[in-house]
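# Results of the structural survey
So you can see what is in the structure, the chains are spelled out below.
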Amino acid sequence: MGSNRDLIVSFGEMLIDFVPTVSGVSLAKAPGFLKAPGGAPANVAIAVSKLGGNAAFIGKLGDDDFGHMLARILNENGVCVDGVLFDQGARTALAFVTLRADGEREFMFYRNPSADMLLTEDELNLKLIRSVGQ
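Residues numbered from 1 in each chain as written. Predicted model: local features only at pLDDT ≥ 70, side-chain atom pairs only at ≥ 80, totals over all residues. Heavy atoms only, no water.

As annotated in an unreviewed UniProt entry, the protein chain is Fructokinase-like from Heracleum sosnowskyi. Looking at the protein chain in UniProt, the text filed under Sequence similarities (unreviewed entry) is "Belongs to the carbohydrate kinase PfkB family." (UniProt positions renumbered as here; feature names shortened; annotations may be inferred.)

What follows is the structure in structure tokens.
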């Protein structure tokens, strides 16, 4: 990562969205699901990077296949992952998401709690945060 003068750091959740293979049905009636990276803060970081900006993400993922897949996706999209941690005691969050026939989104989250909910203040990469604008 070069200069951090224009660095945008997003902080929060990154999870796996399971999206039905058909639209306009309830989650219960969906015949199958595809997995996709999700979580608004992570989506922002990837969008900034794809638009040519300098982006970093701070958050916690489960030390599981999904967590490592998500970190790899951030990295492959040019997002700095210096603020990403892995929790060995919690899983990566999952969300089942569908667009119902009436146009409303329906979510069902699986957190018990998930790793993204367990990030503590003392785990934050303060060096990364303080580098913004340097």
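Within the protein chain one finds three helices and seven strands. The N-to-C order of helical and strand elements in the protein chain reads β-β-β-α-β-α-β-β-β-α. Dimensions along the principal axes, computed over C-alpha positions, put the protein chain at roughly 50 × 35 × 20 Å. Classification of the 134 residues of the protein chain by burial places 41% in the buried group. Look at the contacts in the protein chain between residues 6 or more apart in sequence, and 67% of them connect residues 24 or more apart. When the accessible surface of the protein chain is split by element, carbon and sulfur atoms take 52% of a total near 7700 Å². Of the side-chain charges in the protein chain, 12 are positive and 16 negative, and the distance between the mean point of each set is 3 Å. (Helix = DSSP H or I, 4+ residues; strand = E, 2+ residues; numbered from the N terminus. Buried < 20%, exposed > 50% of the residue type's maximum accessible area, 1.4 Å probe, protein only. Contact = heavy atoms within 4.5 Å. Areas by Shrake-Rupley, 256 points an atom, 1.4 Å probe, with all protein chains shown as cover. Lys, Arg positive; Asp, Glu negative; His and termini not counted. Charge placed at Lys NZ, Arg CZ, Asp CG, Glu CD.)

Below, the discussion takes up the pairing of strand β5 (residues 80-87). Pairing of strand β4 (residues 54-62) with β5 involves six bridges; the strand directions are parallel. Across the sheet, L61 pairs through a bridge with F86, a residue of β5. Following the chain from β4 across helix α2 (residues 65-76) to the adjacent parallel β5, one finds a crossover that is right-handed. (Pairing = 2+ DSSP bridges. Right-handed = clockwise from strand over helix to strand, strands pointing away.)

Our next topic: the sheet that holds β4. The parallel open sheet is built from three strands, whose spatial order is β1-β4-β5. Pairing within the sheet leaves two strands with one partner each, and these edge strands are β1 (7-11) and β5. Pairs of neighbouring strands in the sheet enclose a mean axial angle of 15°, with direction left out of account. Pairing geometry for β1 and β4, over five bridges, is parallel. Within the sheet, the bridge partner assigned to S10 lies in β4 and is F57. The sheet contacts of helix α1 (residues 40-50) involve β1 and β4, and relative to β4 the element is tilted by about 150°. Taken strand by strand, α2 contacts β4 and β5, and its axis lies near 180° from that of β5. (Axes fitted to C-alpha atoms, helices over the stretch in contact; angles between N-to-C directions.)

Turning our eyes to something else, we now look at α1. Taken residue by residue, α1 has P41, A42, A45, I46, V48 and S49 as its buried positions. Taken end-on, α1 shows its buried residues confined to a sector of 160°, consistent with a single buried face. Buried residues in α1 make contact with β1, β3 (33-38), β4 and α2. One or two steps after α1, the chain reaches G52, where phi turns positive at roughly 95°. (Arc of directions from axis to C-beta.)

Moving on to the packing of aromatic side chains. This model, assessed by the stated rule, comprises five aromatic pairs. The interplanar angle of 85° and the centroid separation of 5.1 Å between the aromatic rings of F33 and F96 together place this pair among those described as edge-to-face. You can see F33 sitting in strand β3 and its partner F96 sitting in strand β6 (residues 94-99), a full 63 residues away along the chain. When its relative accessible area of 29% is taken as the criterion, F33 is described as partly exposed. Ring geometry for F107 against F109: centres 5.7 Å apart, planes inclined by 5°, an arrangement best described as stacked. A residue is classified by how much of its surface remains accessible, and F109, at 41% relative accessible area, is partly exposed. An aromatic cluster of three or more residues is present, and its members are F18, F33, F66, F96 and Y110. (Phe/Tyr/Trp six-rings, centres within 6.5 Å; stacked < 30°, edge-to-face > 60°.)

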